[in-house]
Amino acid sequence: MANIVGIDLGTTYSVIARLDEHGTPLVVSNKEGSHLTPSIVEFTGKNSSCVGSEAKKALLIAGKAKVKNFAFDAKRHIRTMDEKVWECYGKKYTATSVSALILKYLKESYNKQYGEIDAVVITVPANFKNEAREATMKAAKLAGLKVEHLIDEPTAAMFSYAFHSGKKLNGNYAIYDLGGGTFDVSIVRVKGKDFKILSKEGIADLGGRDFDKDLQTLIEKKFKKETGKKLEKGEININIEETKKTLSVKKKVDINLSVRGK
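Draft legend 1. Structural view of the pairing of strand 12 (residues 170–178). As paired strands, strand 12 and strand 13 (residues 183–191) are joined by nine bridges and run antiparallel to one another. Note that in strand 13 the partner of L178 across the bridge is F183. Linkage of strand 12 to strand 13, two consecutive antiparallel strands, is achieved through a turn of four residues.

Written out as C-alpha cells, the structure reads:
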C-alpha cells in the first residue's frame, strides 16, 4: 500500500495525517510529539533553520532586533502573491521557500516513524487562485514531496464530517472555515460521493492571528488608561494566544505584566 499522506499547510499551524491499515485517518505526531506544528521558521544560520514549537518559543521571547530572524504567516503571502521576502544571514526567502521548510519538517517527522512518503494531498483555501496553488505545489516540490492532489479545505471538511458522523450526506451545506489567518465560507452541494462547490468567498486577513493582535491592542489601551503610560513594542511579556484560549472557557482572565522591571 502506497504511503500517501495528507497535509494541512496552515497560516498558524500545520498538520500531517495518514491512513492506517484499516483506512482510518490518523494525525501524525511531529518530532516533538505534538499533533500541531506552528507554521513558524527561525533562521539560525545561513543554511540552518528551526521549525515549529521551538521556533515559536524563541519568537515569543525574541527582542525587537531578533524578530527579523523569524518567518511566519507565509500562507497569507502565498494567498495574496505579494512577493514578501524575508532576508536573514545574507539569504532571501520567499513565502514559497518558507512553506517548503515547514513541509520538509513535516515530511521528516513522518519519515522517522513510517518511512518514505510516496505522494501527498495538500489542502488549500477554496478561493486560492491558480498562482497560489502553483506556489503551494512548488513549495512541496522544494521539500521533496510529490503532490498527488490539492484539495479545497471545505471539501476536506465535508469528507471529515461524513467520515466521523457516519452519515450519508445529500443536499446543500454551508461550511465556515475560520483559521489562523483567513476566514472562508463555501456553499457545497453533496450528492452521494459527489461534491461541488457552488459558491465561495473569504477574507484573507481575518483569523486567529488578527484576534491576537486585537487582544494585544486592548491590553495596551487598558494599561495606558490605568497607569497613564504607554506600553512599548515587545513589553507585553505574556502569551497572547494562550490568554485568548483562556477566554474561550472563562469570561475574564487576569494577567500580570512585568514592565521595565516593575
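Having put the structure on the table, let's press on.
Draft legend 2. Fine view of helix 5 (residues 153–165). For helix 5, with 13 residues, the first-to-last C-alpha span of 18 Å sits near the 18 Å given by 1.5 Å per residue. Along helix 5, the residues classified as buried are E153, P154, T155 and M158.

Draft legend 3. Focus on the pattern of salt bridges. Here the structure, examined in full by the defined rule, presents twelve salt bridges. Among the salt bridges present, the one from E153 reaches K75, with a minimum N-O distance of 2.8 Å. Highlighted residues: E153 in helix 5 and K75 in helix 2 (residues 74–80), separated in sequence by 78 residues. In this pair, the class of E153 matches that of K75, namely buried. Taken together, the shared-partner salt bridges in this structure form one network comprising K56, E241, E242 and K245.

Draft legend 4. Main features of the sheet that holds strand 13. Strand order in the open sheet formed by three strands is 12-13-14, with antiparallel pairing between adjacent strands. Strand pairing shows two members of the sheet lacking a second neighbour, strand 12 and strand 14 (194–203), which therefore form its edges. Within this sheet the neighbouring strands show an average axis-to-axis angle of 15 degrees, counted without direction. In the sheet, strand 13 pairs with strand 14 via nine bridges, with the strands oriented antiparallel. Paired with S186 across the bridge in strand 14 is K200.

Draft legend 5. Broad picture of the nonpolar core. Membership of the largest hydrophobic core comes to 35 residues, with the highest contact counts inside it found for I7 and V98. Only strand 1 (4–8), strand 5 (41–45), helix 2, strand 8 (85–88), helix 3 (95–114), strand 10 (119–124), helix 4 (130–142) and strand 11 (147–152) provide two or more residues apiece to this core. Sorting elements by how many residues they give to this core places helix 3 first, with eight residues. In this structure, V98 is in contact with V41, F43, A71, A74, W86 and Y93, ignoring residues within four places of it in sequence. Of all hydrophobic cores here, the second largest spans eight residues; its members include I219, F223, L231 and I238.

Rules of the game
Numbers given for residues are sequential positions, taken from 1 along each chain in its written order. Where totals are concerned, whole chains, interfaces and linings use all residues; where local detail is concerned, this predicted model gives features only for residues with pLDDT of at least 70, and gives and counts side-chain atom pairs only at 80 or more. To get the side-chain values, take all heavy atoms of the structure and skip hydrogens and water. For two strands to be treated as a pair, DSSP must find at least two bridges joining them. Only DSSP runs of H or I covering at least 4 residues are called helices, and only runs of E covering at least 2 are called strands; the numbering of each starts at the N terminus. Expected span, for any helix, means 1.5 Å times one less than how many residues it has. Each residue's exposure class comes from its accessible area (1.4 Å probe, protein chains only) as a fraction of the maximum for that residue type: buried when under 20%, exposed when over 50%, partly exposed otherwise. Criterion for a salt bridge: a side-chain nitrogen of Lys or Arg within 4 Å of a carboxyl oxygen of Asp or Glu. The axes are straight lines fitted to the C-alpha atoms, using for helices just the contacting stretch, and the angles between their N-to-C directions are given from 0 to 180°. Buried residues of nine kinds, namely Ala, Val, Leu, Ile, Met, Phe, Trp, Tyr and Cys, make up a nonpolar core once their side-chain atoms join them within 4.5 Å. Only heavy atoms matter for contacts: two residues are in contact if any of them lie within 4.5 Å across the pair.

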